[in-house]
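A closer look at the structure
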2 protein chains.
Amino acid sequence: MPLIVQKYGGSSVADAERIKKVAQRIVATRKQGYDVCVVVSAMGDTTDELLDLAAQVSPMPPPRELDMLLTAGERISMALLAMAIANLGMEARSFTGSQAGVITDSRHGRAQIIDVTPGRIREALAAGHIAIVAGFQGVAQDTKDVTTLGRGGSDTTAVALAVALGAEVCEIYTDVDGVFTADPRIVPTARQIPRISYEEMLEMAAAGAKILHLRCVEYARRFKMPIHVRSSFSTKPGTWIVDIPPEEQMEAPIISGVAHERGEAKITVVGVPDKPGEAAQIFQVIADAGINVDMIVQNVSSTATGRTDITFTLPTSDLPTAMAALSKAKDRIGFEGLLSDDQIGKVSLIGAGMRTQPGVTAKFLTALADAGINVEMISTSQIRISVVIREDDLPAAVAALHRAFELDDPEGQAVVYGGTGR
Amino acid sequence: MPLIVQKYGGSSVADAERIKKVAQRIVATRKQGYDVCVVVSAMGDTTDELLDLAAQVSPMPPPRELDMLLTAGERISMALLAMAIANLGMEARSFTGSQAGVITDSRHGRAQIIDVTPGRIREALAAGHIAIVAGFQGVAQDTKDVTTLGRGGSDTTAVALAVALGAEVCEIYTDVDGVFTADPRIVPTARQIPRISYEEMLEMAAAGAKILHLRCVEYARRFKMPIHVRSSFSTKPGTWIVDIPPEEQMEAPIISGVAHERGEAKITVVGVPDKPGEAAQIFQVIADAGINVDMIVQNVSSTATGRTDITFTLPTSDLPTAMAALSKAKDRIGFEGLLSDDQIGKVSLIGAGMRTQPGVTAKFLTALADAGINVEMISTSQIRISVVIREDDLPAAVAALHRAFELDDPEGQAVVYGGTGR
């Protein structure tokens, strides 16, 4: 029997009523003739409640114990889901990450999957059962301790199991209908994208589209596992994230969508001596603090002073740590000062077609200029243009770009990939 | 280093503040020069909350999934306790029942421990860590599924680990000071018993003393593991449950205490044909319904009718199931009718000394008669006398017996075992 892996997030299983609804959907899939393996997150606010309990007993809980605590969340939701399915007359079996063979390294709180050995899941499916697996968790290969996978962990569990079990598709259920050409709360005319390539989805995720985590899309791309992101509250098709062969890409739309990100800040390191190795030292300090940077811009150095400025963006939550680490290294590195700004926004345009289409950058910048928006930093990839602007300008910028690239138009570019099937 | 196993119940870890208090006590024990292995129950009402969630998704949750769900409770409390200990500067590691090597059969909801292989606990202790183990749970030897041990499960986990690890003592922390000569809420002059034999404690537990479950005392007796029942809210010594050698028993007090039980009902099977095998058929029906009976009384049969009445007691919660099962079997067994009564109480007198002391039964019945209390059923063992009376009479009966056997008197019999040390 062909196999589908389905993943339901915390909002889809937030209470008993929703769990029963999800159970109905799973049973319906089974009755359509599919084996079903389900990956489930913790119910609604469970994880936050557990973190709150942890904070009450310790300001710095040991990561191993925090993982032990948090994994109780999926244990609860998966057992309840299995019960709800049983109540509909189907056999279901729940499995922890460890029981499902999700083998990780031992970096608690942000473990990486290093192997998936789902022997017990295969047995359960072969026995005609529906398998329910706890997302977000695994077991460390060396210590045998329980680990959590960190952000995007449940989606990644689902894709990893889909790959290991040879599923036809990994369905990710969420509280929106799919991936849109822009955030519909900002652009009411934004349209759902029926089909998008892994590369574009990666750029969308990196540019701030919250719907899927980079990590899960990367895993799916590596193994060419189709992902179908769809709503757990409707039966409409959502967005397919798939491998799009080059011949199809020739006819791809120039632009897939506009993404934005509010949660970043920028730091400018002023007066950096313009000689080899200086930038490396700065980013080594940041890396040692465990912080990932996003965009980096280095100005042309002034020949008069022999010094330059380096500006980069990073998650706002990491700003205090980064500022403290750089301040400590100021004398050693020899820069003149630090500026920080947490009122920035990032807006990005993504589209595989821009590879072969000249003029996209010019059109992009013109649209923003016409809207009276000042651009502070620019960064591009082959299929993405991103700029940093004032945070207050974000809604206007997203709307202006969406309009300029005709994403509003139902006959426009966004749907050129066409088709909603597999 | 000598080892102590400590078990903390749900009320001892009901919230963050209590968990921090328990952590302090554990650390203090460690600093006194003991290795410490801690067994912990789920926080306060967690188990009831999880059961309530289960009831919301299914009227009849599969036992395997119910066990998966309920074991989340100890997972939460043990991780929090390990964090609280770490916050006091000691290393602690939490382990699930499965990780701690608590191997059971696969009877979900009432699994029996069949082996304890605490390799990971030994390693943690050898590394100088405090080990925290989830009570009430284990892993099934054949299916590798998570199991729960049912009533008294956490105490039994503690005793079983104490035996497997060769602990000096298994300390059971609870919300009372120890075992008393009677329930202090009924008899204000009741006194704490400093030391009691396994046999007497078994009879106390069977007779309704709620402080320890039969099962855990039986396990301790089998392996002669001393249990120290004490309060988690004070540092006073509690009650030691130990092996008392025969030579000491010669000087044992006649009576250790008075226990009572409200949660039982009785069923009278009326007009049972008085021939071999009839009683066996009745109790087979009850056993097939999964119900344990307590006292059984068969009246002398009437020679006129060749029929007799059989009366037995059982947990009140099992009364409807038992009545239904017997009604169905009425024609096959051939009895005339069924009577049931859930307004009964049981009062028991326990004392190893009564083995060699004649006249205890007479004194017992006289005390009740003097208090105007009617006795409905009598059952005795070598070290116990129990009677069934009206539930309303229980307080008066307990008080009358406590007084008649001089348990009120601080110089009286109850403390003859003497000493509170080991």
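Residues numbered from 1 in each chain as written. Chains lettered and ligands numbered in written order. Predicted model: local features only at pLDDT ≥ 70, side-chain atom pairs only at ≥ 80, totals over all residues. Heavy atoms only, no water.

In this section: the overall build of chain A. Broken down by element type, chain A carries 13 helices and 20 strands. Relative to the compact-globule value of 22 Å for 422 residues, chain A shows a C-alpha radius of gyration of 23 Å, a close match. Dimensions of chain A, computed from C-alpha atoms along their principal axes, come out at roughly 80 × 55 × 35 Å. Sorting the 422 residues of chain A into buried and exposed places 57% on the buried side. In chain A, of all internal contacts separated by at least 6 residues, the share reaching a separation of at least 24 is 76%. Total accessible area computed for chain A in this model is approximately 17,200 Å², and 51% of it derives from carbon and sulfur atoms. Counting 40 positive and 51 negative side-chain charges, chain A places the averaged centre of each group 4 Å from the other. (Helix = DSSP H or I, 4+ residues; strand = E, 2+ residues; numbered from the N terminus. Rg over C-alpha atoms; globule rule 2.2 N^0.38 Å. Buried < 20%, exposed > 50% of the residue type's maximum accessible area, 1.4 Å probe, protein only. Contact = heavy atoms within 4.5 Å. Areas by Shrake-Rupley, 256 points an atom, 1.4 Å probe, with all protein chains shown as cover. Lys, Arg positive; Asp, Glu negative; His and termini not counted. Charge placed at Lys NZ, Arg CZ, Asp CG, Glu CD.)

This next bit is on the UniProt feature "binding site: ATP" (unreviewed entry) in chain A. Residues and elements named next belong to chain A. Per the UniProt record, "binding site: ATP" (unreviewed entry) is annotated on Lys7, Tyr8, Gly9, Gly10, Thr174, Asp175 and Arg185. A maximum C-alpha distance of 24.8 Å shows the annotated residues, which cover 179 residues in sequence, to be distributed over more than one spot. The residue Asp175 is located in the loop between strand E9 (169-174) and strand E10 (195-197) in this model. Asp175 sits in the partly exposed class, given a relative accessible area of 45%. With sequence-adjacent residues up to four places away left out, Asp175 is seen in contact with Ser11 and Phe233. For Asp175, the side chain forms a polar contact with the side chain of Thr174, separated by 3.3 Å. Mapped onto the fold, Arg185 is located in the loop between E9 and E10. (UniProt positions renumbered as here; feature names shortened; annotations may be inferred. Polar contact = N/O pair within 3.5 Å; in protein donor to acceptor, adjacent residues only side chain to side chain.)

To continue, consider the pattern of salt bridges. Residue and element names in this part refer to chain A. A complete count under the given rule lists 40 salt bridges over all chains for this structure. We note a salt bridge from Glu261 to Lys210, for which the minimum N-O separation is 3.3 Å. Taken together, the residues Glu261 in strand E13 (residues 257-261) and Lys210 in the loop between helix H6 (198-206) and helix H7 (214-223) connect sequence positions 51 residues apart. On the basis of relative accessible area, Glu261 is assigned to the buried category, the value being 15%. For Lys210, a relative accessible area of 62% gives the class exposed. (Salt bridge = Lys/Arg side-chain N within 4 Å of Asp/Glu carboxyl O.)

Mapping chain B onto chain A leaves a residual RMSD of 0.2 Å; the transformation is a rotation of 179° accompanied by 0.0 Å of translation along its axis. Given the turn and translation reported, the copies of this chain are related as if by a two-fold rotation axis. Within chain B, the C-alpha atom positioned nearest to the axis of rotation is that of Ala72(B), 2.6 Å from it. A shared interface surface links the copies, since 100% of the contact residues of chain B are contact residues in chain A too. (Least-squares fit on C-alpha atoms with pLDDT ≥ 70 in both.)

What follows concerns the environment of Thr47(B). All names here are of chain B. Checked against the element boundaries, Thr47 lands in helix H2 (residues 46-57). Looking at Thr47, the relative accessible area reads 23%, which means it is partly exposed. Considering only alpha carbons, one finds Thr47 and Ala72, 25 residues apart in sequence, at a separation of 8.9 Å.

Accessible area lost during the coming together of the parts is what is often quoted as the interface size. Under the domain assignment used here, chain A contains domain 1 (3-175) and domain 2 (250-422). Domain 1 of chain A and domain 2 of chain A are separated by 35 Å when their C-alpha centres are compared. (Domains from an automatic or database assignment.)

Further remarks concern the environment of Ile383(B). Residues and elements named next belong to chain B. Structurally, the position occupied by Ile383 is in the loop between strand E19 (377-381) and strand E20 (384-390). Each C-alpha atom, one on Ile383 and one on Gln357, is 10 Å from the other, the two residues being 26 residues apart in sequence. If near-sequence neighbours (up to four positions away) are discounted, Ile383 is found in contact with Glu199, Glu200, Glu203, Leu349, Ile350, Gly351, Ala352, Met354 and Arg355.

Moving on: the interface of chain B and chain A. The partner chain A presents 41 residues to the 41 residues of chain B that form the contact. Among the residues chain B hides against chain A, the three largest losses belong to Val57(B), Arg75(B) and Met83(B). Together they make up 23% of the total. Counting across the chain B and chain A interface gives two salt bridges. Ionic pairing is found between Asp145(B) and Arg120(A), a salt bridge with its closest N-O pair at 2.6 Å. In this assembly, chain B and chain A are joined by 16 residue pairs in polar contact (both at pLDDT 80 or more). The set of elements that each furnish at least two residues to the side of chain B that touches chain A consists of helix H1 (16-31), H2, helix H3 (63-86) and strand E3 (92-95) of chain B. Looking at which element gives the most residues to the side of chain B that touches chain A, the answer is H3(B), with 16 residues. (Buried area = accessible area lost by both parts, 1.4 Å probe.)

Bringing the sheet that holds strand E9 (residues 169-174) of chain B into the picture now. Residue and element names in this part refer to chain B. Spatially, the eight strands line up as an open sheet ordered E3-E6-E2-E1-E9-E11-E12-E10, and their pairing is mixed. Two strands close off the open sheet at either side, each with one partner strand: E3 and strand E10 (195-197). Averaged over all adjacent pairs, the angle separating strand axes in this sheet is 20°, with direction ignored. Direction of pairing for strand E11 (residues 227-231) relative to strand E12 (residues 239-242): antiparallel, over a ladder of three bridges. In the strand pairing of E12, His228 is matched with Trp240. Packing against the sheet, helix H6 (residues 198-206) makes contact with E10 and E12, and its axis sits at approximately 85° to E10. (Pairing = 2+ DSSP bridges. Axes fitted to C-alpha atoms, helices over the stretch in contact; angles between N-to-C directions.)

As a general point, the strands of a sheet are linked pairwise by backbone hydrogen bonds and lie either parallel or antiparallel. Residues and elements named next belong to chain A. Strand order in the open sheet made by the eight strands is E3-E6-E2-E1-E9-E11-E12-E10, with mixed pairing throughout. Both outer strands of the open sheet, strand E3 (92-95) and E10, are each paired with one neighbouring strand and no more. Between one strand and the next, the sheet's axes are offset by a mean angle of 20°, whatever the strand orientation. Bridge count for strand E1 (residues 3-8) against strand E2 (residues 35-40) is six bridges, and the pairing is parallel. When the sheet's bridge partners are listed, Gln6 is paired in E2 with Val38.

Judged by side-chain charge, Asp45(A), Asp48(A), Glu49(A) and Asp52(A) come together as a negatively charged surface patch. Relative to the helices and strands, Asp52(A) resides in helix H2 (residues 46-57). (Patch = residues over 30% accessible without salt bridge, like charges linked within 9 Å, V, L, I, M, F, W, Y side chains within 5 Å.)

On to the side chain of Thr181(B). All names here are of chain B. One can find Thr181 in the loop between E9 and E10. The exposure class assigned to Thr181 is buried, which follows from its relative accessible area of 1%. In this structure the side chain of Thr181 is engaged in a polar contact, spanning 2.5 Å, whose partner is the side chain of His402.

All right, on to the packing of H2(A) against helix H3 (residues 63-86) of chain A then. All names here are of chain A. In the contact formed by H2 and H3, the axes pass within 9 Å of each other and the chain directions differ by 145°. Two packed elements cross with a definite hand, and for H2 against H3 that hand is right-handed. Each of Thr46, Thr47, Leu50, Leu51 and Ala54 in H2 lies in contact with H3, whose residues at this interface are Leu66, Leu69, Leu70 and Gly73. Of the residues contributing to the contact of H2 with H3, the split by class is six nonpolar, three polar and no charged. (Left-handed = near helix turned anticlockwise from the far one by under 90°. Nonpolar A, V, L, I, M, F, W, Y, C, P; charged D, E, K, R; others polar.)

Bringing the packing of aromatic side chains into the picture now. Scanning all chains against the criterion turns up six aromatic pairs over all chains. Here Phe283(A) and Phe312(A) contribute two aromatic rings whose centre-to-centre distance is 5.1 Å and whose plane-to-plane angle is 70°, an arrangement assigned as edge-to-face. Here the residue Phe283(A) occupies a position in helix H9 (residues 278-288), and Phe312(A) occupies one in strand E16 (residues 307-315), the gap between them amounting to 29 residues. For the pair formed by Phe283(A) and Phe312(A), the shared burial category is buried. Ring centres of Tyr8(B) and Tyr173(B) lie 4.6 Å apart, and the angle between their planes is 10°; this geometry places the pair in the stacked category. Placement of Tyr8(B) in strand E1 (residues 3-8) and of Tyr173(B) in strand E9 is noted, with a sequence separation of 165 residues between them. No difference in accessibility class separates Tyr8(B) from Tyr173(B), as the two residues are buried. Directly above the ring of Phe95(B) sits Arg64(A), whose terminal nitrogen or CZ lies 5.1 Å from the centroid. (Phe/Tyr/Trp six-rings, centres within 6.5 Å; stacked < 30°, edge-to-face > 60°. Lys NZ or Arg CZ within 6 Å of the ring centre and 35° of its normal.)

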